[in-house]
Each structure stands twice: as structure tokens, then as C-alpha cells.
Amino acid sequence: MRMLCASTLISEFFVVAFAGLVAMKSDDLSTTAVWTVCGIAMLLSVLLCGVISRPGGLQLGWALQIGLIVSGFVVPTMFFLGAVFAGLWWASIHYGRQIDEAKARWAAQAEQAEGQAQPQ
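Residues numbered from 1 in each chain as written. Predicted model: local features only at pLDDT ≥ 70, side-chain atom pairs only at ≥ 80, totals over all residues. Heavy atoms only, no water.

Trainee: A description of helix α1 (residues 2–23) should follow, citing residues and the corresponding values.
Mentor: Between its terminal C-alpha atoms α1 stretches 31 Å, which fits the 32 Å expected from 22 residues at 1.5 Å a residue. For α1, every residue scored as buried is listed here: Cys 5, Ala 6, Thr 8, Leu 9, Glu 12, Val 15, Val 16, Ala 17, Ala 19, Gly 20 and Ala 23. In the core, the buried residues of α1 are packed alongside α2 (31–51), α3 (57–70) and α4 (77–117). (Helix = DSSP H or I, 4+ residues; strand = E, 2+ residues; numbered from the N terminus. Expected span 1.5 Å × (residues − 1). Buried < 20%, exposed > 50% of the residue type's maximum accessible area, 1.4 Å probe, protein only. Contact = heavy atoms within 4.5 Å.)

Trainee: Give a description of the packing of aromatic side chains that names residues and reports values.
Mentor: Per the stated rule, a full pass over the model turns up 3 aromatic pairs. When the centroid spacing of 5.3 Å and the interplanar angle of 90° are considered together, the rings of Phe 13 and Phe 14 count as edge-to-face. Residue classification places Phe 13 among the partly exposed positions, given a relative accessible area of 25%. Here Phe 14 falls in the partly exposed class, since its relative accessible area comes to 46%. When the centroid spacing of 6.2 Å and the interplanar angle of 80° are considered together, the rings of Trp 90 and Tyr 95 count as edge-to-face. A residue is classified by how much of its surface remains accessible, and Tyr 95, at 43% relative accessible area, is partly exposed. (Phe/Tyr/Trp six-rings, centres within 6.5 Å; stacked < 30°, edge-to-face > 60°.)

Right, dumping it as C-alpha cells:
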């Protein structure tokens, strides 16, 4: 699960950077404000890669997904991209857990087969 979630978060890093470039075109926003918010979101997406497996890591990831969707009020395309990444985040968690469970079963089966194959 960690690998899939981290891949999603790193992709979000780049999407936030590109959304920041688009947001800079707005006359209502200062460059400092845009890059402060984008920088925090980008830093959070990278730092979350390291804490995904810790308590609260997935919830922080969900908070980032909500933040991406809400950023659609500044860059309207982010409504769509935020929803897409929220779906990818869900899929990363859901299918990542299934993959982790399958790996654990395979490891247990391999260990059991190895134990039976060795003469006592």
C-alpha cells in the first residue's frame, strides 16, 4: 500500500506545482500567497510519503485530497483533478491493502513449504 500511496502523493506534488503556475495568472492573488500555499501543499505531499504507514498518515492524505478539491475555487480545473486524485488515493489504499495481504499469504505459504521441504 505504501508504494501506491507514495506514487499518488508524488504525482500530486507536480500537479500542485502546475496549478500554482496557473494560479499566478490570477490578478486577485499575489505570487507570495500562491507559492506559500502551493509550497505547503507540495511539502506536505512529499512528507506524507514517509508517514503513510504511521497512525494518522492516511487521514492526513485524505486531508490533502480535500484540499486539492477545495483549491478548485482558485483554479477551476482542480475540482476535476482533485476528484481524480481523491479516487486514485482511495484506489491506492484499497488495492494496496489487497496486495499487502496477498504478499503476506504468499510469504506464509513459502515459509510453510520451505519448512516441509527440509528434512528433520
